[in-house]
Amino acid sequence: MTRFDGKRRQLLQFAAFGTMAAAWPGAILAEVAEMGSVPSSTFKPDVEIELTARKDTVSLRPGAATHVFKYHGKLLKGPSSTLTELPGYLGPTLNFVRGQKVRIIAYNQLPEPTVAHWHGMHVPQKMDGHPMYAIDQGERYVYEFEVKNPAGTNWYHAHTHEKTATQVYQGLAGLITITDEQEQKLDLPSGEYDLPIVIQDRRFTADNQLRYLQHGRRERAMGFLGDTILINGQIDRAIPVKTRAYRLRLLNGSNSRIYKLGWEDGTPLTAIATDGALLGKPENYPYIMLAPAERVELWVDFSGRELGSDLVLYSLDYHGVMPRMGGGMRGGMGRGGGMGMMEGGLVQGEKFPVVKFHIAEKTSESPELPKVLIPFQRLLDRDVANPDKPRQIGLSMMHMSPELNRRSFELLAVAESEKIPVNTIQKIRITQEDHAMQRGGRRGMGGMEDVDGIDERGGRRGGRGGGGGMMSMAHPIHLHGQQFQILSRLVQDRHGSGYDTVKDGFINTGWKDTVLVMPGEEVTIIKPFQDYTGLFLYHCHNLEHEDMGMMRNFLVR
Ligand code: C2O
Ligand code: CU
Ligand code: CU
């Protein structure tokens, strides 16, 4: 394979002088083509960080150390609380304050290209870690942005062309926390009572090295599933807690595993924040679905628990997220079956413990759960530019090829329907195309233009019994840029599909940047596209799907 860097420059040249120039406003093009390798003299950072991606080893299991990729941070300027370390392979947690001006000088010391993306953050396109800005070994990229996001939990990770899955898998990820004045007034548990919980699944070889997928396209299309759960980049850590309230910041940093989080004793979970921000008020759930890239913050009160006892957070039983094939294969897809499982692994939807809290100390002081958190304004039809013409994102996996609107990712390509006027709020409808086709094409292919091969594929419409090419599985869909709200979820065929085993675990009331779309489901969201023009990605955050091309650009202009 040619070096990506060369390819990138070539593509940018193509973009500047080729056919794309006509489709793209010149100012945006100029911005796209410019690499951020030099700090700007006009940007006055409050916080300055060096972030280096390099090879490292960590001790994860008894015996040999494990080779990983790891982000190393160094604070050059700003409050000393800006960087906090996690003990495993994850990068430092970046703790920002809303309004801060942040400069991150990213270095690549890996033997392959990489680029860092600040997932959930509302930043200019050049600062967003688009794969076109990947840097080679020895190069650097200077990010400069103002923290516009409200208090919440975001994260950062590699976003390299066709290498996101393997780089994140090997360790290139870390948390971002943001605080602001509104949050500080709430007096939420802080310091040692504010705990990060990054959940990831991994597999190990006999000599303790990370083992990734070795099989074919089919396994990749199902997504990587590990058999070992890691919390904050470590195995089997019981977290000691006191008998009082805690704030837990959970991130599903797994490549493709979806968790159905529930306390072992059936205590409801109290959510106080979703992906991008605090909720309007705390909400109780019997369990919470956490798909790759999603975050949820929980308020957990351990007071009244017995000293020395344990409380375990499980991933509970569920089903219906893995593919159901057309025709004859359907019967053979039982729970213990081969789909989505490597030999001996944990099946997607199987019950297993995620993290254990050990009640280690008694204390009498504990904060009270606030009744309200932040003002939350629901976005409605009257706020959007296209109330009657939602933009479509059709999810499909025809022939093991995960796609969006029947298109694959191309670095700089933008279709007509992917152009969005800046400073508008858009209604977007995400649908499962294969499922619709299985069901007789209720949604059909409406709204999609110039798609090659549509007739050939469309010909399969309604062919429930014919051939194994059609499948529908759950996809966690992520949109870069500003957080969105979920307007509605509609599902066909809820019976027998497994939907009832997950439906009470979706939080539809908060700010989101990733939403799990179940087979047969149609999710409508409302998303602002404010402040910044340029290319912003949207994609499936099943990282195997992302790397297989289930990603596209919006051009905001
Ligand atoms: Cu978490 Cu496009 O990324
Ligand atoms: Cu992102
Ligand atoms: Cu997907």
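Let me begin by describing the structure that accompanies this report. (Residues numbered from 1 in each chain as written. Chains lettered and ligands numbered in written order. Predicted model: local features only at pLDDT ≥ 70, side-chain atom pairs only at ≥ 80, totals over all residues. Heavy atoms only, no water.)

A look at the overall build of the protein
Step number 1: If you tally the helices and strands in the protein, you get nine helices and 33 strands.
Step number 2: Counting only carbon and sulfur atoms, one obtains 50% of the accessible surface of the protein, whose full area is about 20,400 Å². (Helix = DSSP H or I, 4+ residues; strand = E, 2+ residues; numbered from the N terminus. Areas by Shrake-Rupley, 256 points an atom, 1.4 Å probe, with all protein chains shown as cover.)

Considering the coordination of the copper ion (ligand 2)
Step number 1: Looking at the metal site, the copper ion (ligand 2) is ligated by H117 (NE2) and H478 (NE2), spaced 1.9 to 2.0 Å from it. Note that H117 is positioned in strand β6 (residues 116-119) and H478 in strand β28 (residues 475-479), a separation of 361 residues in sequence. Here H117 and H478 have matching classes, each one buried. (Donors = N, O, S within 2.8 Å, 3.2 Å for Na, K, Ca; no water. Buried < 20%, exposed > 50% of the residue type's maximum accessible area, 1.4 Å probe, protein only.)

Considerations on the coordination of the copper ion (ligand 3)
Step number 1: Distances from the copper ion (ligand 3) to its protein donors, H475 (ND1), C540 (SG) and H545 (ND1), fall within 2.0 to 2.1 Å.
Step number 2: Within one chain, the residues serving as donors to the copper ion (ligand 3) are arranged as H-x64-C-x4-H. Of this pair, H475 sits in strand β28 while H545 is found in helix α9 (residues 543-547), placing the two residues 70 residues apart along the sequence.

A look at the nonpolar core
Step number 1: Formed by 62 residues in total, the largest nonpolar core has its most connected members in L94, F96, I104, W118, M121, Y143 and F145.
Step number 2: Here this core takes five residues from strand β1 (residues 47-58), the largest share from any one element.
Step number 3: Core analysis: the second largest hydrophobic core is formed by 42 residues, I288, F302, L313 and V355 among them. (Core = buried A, V, L, I, M, F, W, Y, C linked by side-chain atoms within 4.5 Å.)

A word on the pattern of salt bridges
Step number 1: Applying the stated criterion across every chain, the model contains 25 salt bridges.
Step number 2: Here K512 ties to E294 by a salt bridge, and the two come within 2.6 Å at their closest N and O atoms. With K512 in the loop between β29 (485-491) and β30 (514-517) and E294 in the loop between β18 (288-290) and β19 (295-301), this pair connects stretches of sequence that are 218 residues apart. Across the pair, E294 and K512 agree in class, each one buried. (Salt bridge = Lys/Arg side-chain N within 4 Å of Asp/Glu carboxyl O.)

Describing unusual backbone geometry
Step number 1: The phi dihedral of N405 is positive, around 50 degrees, even though this residue is not glycine.
Step number 2: Residue classification places N405 among the buried positions, given a relative accessible area of 4%.

Quick look at the sheet that holds strand β13 (residues 238-242)
Step number 1: Strand order across the open sheet formed by five strands is β13-β22-β20-β15-β18, with mixed pairing between neighbours. Both outer strands of the open sheet, β13 and β18, are each paired with one neighbouring strand and no more. Within this sheet the neighbouring strands show an average axis-to-axis angle of 30 degrees, counted without direction. (Pairing = 2+ DSSP bridges. Axes fitted to C-alpha atoms, helices over the stretch in contact; angles between N-to-C directions.)

Regarding the sheet that holds strand β33 (residues 551-556)
Step number 1: Read across the sheet, five strands follow the order β25-β33-β32-β28-β30 without closing on themselves; strand pairing throughout is mixed. At either margin of the open sheet sits one strand with a lone partner, and together these are β25 (419-420) and β30.
Step number 2: Taken together, the three bridges between β28 and strand β32 (residues 534-540) define a ladder with antiparallel strand orientation. Residue pairing across strands places L479 opposite Y538, the latter belonging to β32.

Re the pairing of strand β31 (residues 521-529)
Step number 1: Burial runs high along β31: nine of the nine residues are buried.
Step number 2: Of the two faces of β31, both are covered, the one formed by E521, V523, I525, K527 and F529 as well as the one formed by E522, T524, I526 and P528.
Step number 3: Pairing of strand β26 (residues 424-432) with β31 involves eight bridges; the strand directions are antiparallel. Bridging from a neighbouring strand, Q426 pairs with K527 of β31.
Step number 4: As paired elements, β29 and β31 share six bridges and run antiparallel to each other.

Examining the pairing of strand β10 (residues 194-202)
Step number 1: When you tally the buried positions in β10, you get eight out of nine residues, the bulk of the element.
Step number 2: Relative to strand β14 (residues 245-252), β10 runs parallel, the two sharing six bridges. When the sheet's bridge partners are listed, V198 is paired in β14 with L251.
Step number 3: Here β10 pairs with strand β11 (residues 228-231) via four bridges, running antiparallel. Counterpart to I199 in the pairing with β11 is I231.

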